[in-house]
Amino acid sequence: MTVNRITIKQVIKSPLFLCIVMQPILDIIAYIQYNNPIGTMAGYLRLAFVIVVPIFVFIKTSYKKGFLFSLLPIALLGLLHCANSFRVGYISFFEDMGYFIRTWYMPILAISFIFYFNHRKEKDYELISKEIQYGFLVNLLLIFLVVILAWITGTGRYTYVDYDLGLTGWFAEANSQSIVIISLAPFALYTFIKSNNKWLLITGVAILTFLLLSNGTKTTFYTLIILFLGFILFLLFKYFLNIRKGEKFCGSIIVVLCSMLIVTYIILPYTPYKQRRNTEIHGQNQVEQQLSNIETPSSNGPTELSSNEDYKNQFNQDLIARFGFERVLAAYGGDPSASQLLDMRLKKRIFGQLQWEESDFLTKLVGFEETRMRTPNDNFDLENDAESILYYFGYIGAGLYLILLLFIFSKVLKKVLTDFRNAMSLYNFAIILTVALQIGASIFTGYLLRRPNASIYFSLMLALCYLEATRKKPVTALTVKNIDNN
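Below you will find a few notes about this structure. (Residues numbered from 1 in each chain as written. Predicted model: local features only at pLDDT ≥ 70, side-chain atom pairs only at ≥ 80, totals over all residues. Heavy atoms only, no water.)

## What to know about unusual backbone geometry
Part 1: Phi is positive for aspartate 164, close to 55°, though the residue is something other than glycine.
Part 2: With respect to the helices, strands and loops of the structure, aspartate 164 is situated in the loop between strand 1 (157-160) and strand 2 (165-169).
Part 3: For aspartate 164, a relative accessible area of 46% gives the class partly exposed.
Part 4: One non-glycine residue with positive phi stands out, namely asparagine 196, at about 60°.
Part 5: Locating asparagine 196 in the fold gives a position in the loop between helix 8 (174-194) and helix 9 (198-214).
Part 6: A relative accessible area of 70% places asparagine 196 in the exposed class. (Helix = DSSP H or I, 4+ residues; strand = E, 2+ residues; numbered from the N terminus. Buried < 20%, exposed > 50% of the residue type's maximum accessible area, 1.4 Å probe, protein only.)

See below:
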């Protein structure tokens, strides 16, 4: 039997591969033009991308009606959202539409990629998987080189500018960049493992550890732990699952991953994440001391507390000016702790919650403008994606997101239940772990679904989930080799 090997030449000539590897380049362009008042070239290119890709897929696919029907609900939501915003009084139509495009960038591309993958023939399935796998690897290595070069030259930016902690490199949005890194990490580790080269594995694991720790965010730190532990546990599970079939024990791989976890534990006190956490705790202790010097008996109600100016000054004054002290205090649950008062993410959530409570039923169906989250002095745009989709695009918008995710997850579940052994491959584990990390980051951190530079990776992974769950044969772990002399 002849095995069709996939060559590097095939991969790099692919439009999909080129679209993937251009993403960090666009991020660097956005960093260079960050303060441009008319926007960045990267932003315009990404806008063109989300327009051109659906048009291209529509031309290529044989399921034109199905493709249009899949995108129709998003278009209808946009019309209803605009109509309601005009009803209640638009603040900024163009900013709102820009926000709409950024938020629905992922579902539009995910649907487009699903139909695009289905358009390509069965013989292209292996190539599709390699285009994504090696595209992700190239991006991670490029980001590593950029971060190192920016660090050496002192031209990059810190993840936490106020603390001079964390390395982001030549990328404008530190939080969304952390999401990009965690999106690339599982596939990169999979590729290092499948290389069957211990030195490449050790080097690759070291690169991953450096990127995840140097970024300094809680997201990347916990991703490192979950990533290495997840692969260790799955390799052990797969070994015991197939031990009767002669499955080889991946002892060297497990040793490398365990060793890096031990190294991480040893150097943890010196990492940007831990240093920033210590600084935050110090700040919380100072506020706790200030609160302890203010007499605020727990029996006092909102009326009594509102007359205590020293106590009121501990709260965000924009919140109080917009909604009143009593409502803000109630939203905090009464007499908040120092950590709650310092938590900017919580302040934004409270602002969104109170704004949502003021909205009528029609607005709750289709959401309110993101610009309503601003005050003359501050911007309370929500960080967590789940709440932002609900508040900005209402029950209908949140429902559409859930329908898309549940549809794909139902296909994955069916695959696992009907073809368990083939579904339990390291390749599929890398896919599922990537999606799980992305969803977790979206819920607990944010900066995924409303950042096109990060959400494009999520759209690709969802489409790849659908592809692997609906195809007849599992993807084999072929190693790309440059054997094509043509």
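## Looking at the environment of glutamine 289
Part 1: Looking at the element boundaries, glutamine 289 is found in helix 12 (residues 272-292).
Part 2: In the structure, glutamine 289 is positioned 42 residues away from alanine 331 in sequence and 23 Å away in space, judged by C-alpha atoms.

## Side note on the environment of tyrosine 31
Part 1: Mapped onto the fold, tyrosine 31 is located in helix 2 (residues 15-32).
Part 2: Sequence separation between tyrosine 31 and arginine 157 is 126 residues, and the spatial gap between their C-alpha atoms is 9.7 Å.
Part 3: Not counting residues within four places of it along the chain, the set of residues in contact with tyrosine 31 comprises Thr155, Gly156, Arg157, Gly169, Trp170, Phe171 and Ala172.
Part 4: From its side chain, tyrosine 31 meets the backbone oxygen of threonine 155 in a polar contact 3.0 Å long. (Contact = heavy atoms within 4.5 Å. Polar contact = N/O pair within 3.5 Å; in protein donor to acceptor, adjacent residues only side chain to side chain.)

## What to know about the packing of helix 20 (residues 385-418) against helix 22 (residues 426-444)
Part 1: Relative to each other, helix 20 and helix 22 sit at 165°, their axes nearing to 14 Å. The orientation of helix 20 relative to helix 22 falls into the category roughly antiparallel. Here helix 20 and helix 22 pass one another in a crossing that is left-handed. Of the residues in helix 22, those touching helix 20 at Asp385, Ala386, Phe409 and Val412 are Ile432, Val435, Ile439 and Ser442.
Part 2: A per-class count over the contact of helix 20 with helix 22 returns 6 nonpolar, 1 polar and 1 charged. (Axes fitted to C-alpha atoms, helices over the stretch in contact; angles between N-to-C directions. Parallel < 35°, antiparallel > 145°, perpendicular 65-115°, else oblique. Left-handed = near helix turned anticlockwise from the far one by under 90°. Nonpolar A, V, L, I, M, F, W, Y, C, P; charged D, E, K, R; others polar.)

## Description of the nonpolar core
Part 1: Formed by 139 residues in total, the largest nonpolar core has its most connected members in Phe117, Ile132, Phe187 and Phe231.
Part 2: Residue contacts for phenylalanine 187: discarding those within four places in its chain leaves Ile132, Gln133, Phe136, Tyr427, Ala430, Ile431, Thr434, Met461 and Leu464. (Core = buried A, V, L, I, M, F, W, Y, C linked by side-chain atoms within 4.5 Å.)

## Some thoughts on the pattern of salt bridges
Part 1: Within this structure, the stated rule accounts for 15 salt bridges.
Part 2: Note that arginine 87 and aspartate 360 form a salt bridge whose closest N and O atoms lie 2.8 Å from each other. With a gap of 273 residues between them, arginine 87 in helix 4 (residues 64-88) and aspartate 360 in the loop between helix 18 (344-358) and helix 19 (361-366) connect regions that are remote in the sequence.
Part 3: On the basis of relative accessibility, which here comes to 43%, the residue arginine 87 falls in the partly exposed class.
Part 4: A relative accessible area of 33% places aspartate 360 in the partly exposed class.
Part 5: With a closest N to O distance of 2.9 Å, arginine 327 and glutamate 358 form a salt bridge. Of this pair, arginine 327 sits in helix 16 (residues 325-332) while glutamate 358 sits in helix 18, and the two are 31 residues apart along the sequence.
Part 6: For arginine 327, a relative accessible area of 30% gives the class partly exposed.
Part 7: Salt bridges sharing common partners tie together Arg322, Arg327, Glu357 and Glu358. (Salt bridge = Lys/Arg side-chain N within 4 Å of Asp/Glu carboxyl O.)

## What to know about helix 5 (residues 93-103)
Part 1: Where helix 5 is concerned, the buried positions are Asp96, Met97, Tyr99, Phe100 and Thr103. Here the buried residues of helix 5 occupy an arc of 160° about the axis, which is enough to place them on one side.
Part 2: Buried positions along helix 5 lie against helix 4, helix 6 (105-119) and helix 20. (Arc of directions from axis to C-beta.)

## Re the pairing of strand 2
Part 1: For strand 2, the buried fraction is high: 5 of the 5 residues fall into the buried class.
Part 2: As paired strands, strand 1 and strand 2 are joined by 3 bridges and run antiparallel to one another. Each bridged residue has a counterpart across the sheet, and for tyrosine 160 the counterpart in strand 2 is leucine 165.
Part 3: In this antiparallel pair of consecutive strands, strand 1 and strand 2, the connection spans 4 residues, and aspartate 164 shows a positive phi of 55°. (Pairing = 2+ DSSP bridges.)

## Looking at a nonpolar patch on the surface
Part 1: Taken together, Leu47, Ile51, Val52, Ile55, Phe56, Ile59 and Ile101 make up a surface patch of nonpolar side chains, about 620 Å² in accessible area.
Part 2: Looking at the element boundaries, phenylalanine 56 is found in helix 3 (residues 41-60). (Patch = residues over 30% accessible without salt bridge, like charges linked within 9 Å, V, L, I, M, F, W, Y side chains within 5 Å. Areas by Shrake-Rupley, 256 points an atom, 1.4 Å probe, with all protein chains shown as cover.)

## Observations concerning helix 9
Part 1: Taking 1.5 Å of rise per residue, 17 residues should cover 24 Å, and helix 9 covers 24 Å from first to last C-alpha, within 8% of that figure.
Part 2: Those residues of helix 9 that fall on the buried side of the exposure criterion are Leu201, Gly204, Val205, Ile207, Leu208, Thr209, Leu211, Leu212, Leu213 and Ser214.
Part 3: The N-cap of helix 9, judged by a side-chain oxygen 3.0 Å from the amide nitrogen of tryptophan 199 a few residues on, is asparagine 197.
Part 4: Count one or two residues on from helix 9 and you reach glycine 216, which has phi positive near 90°. (Expected span 1.5 Å × (residues − 1).)

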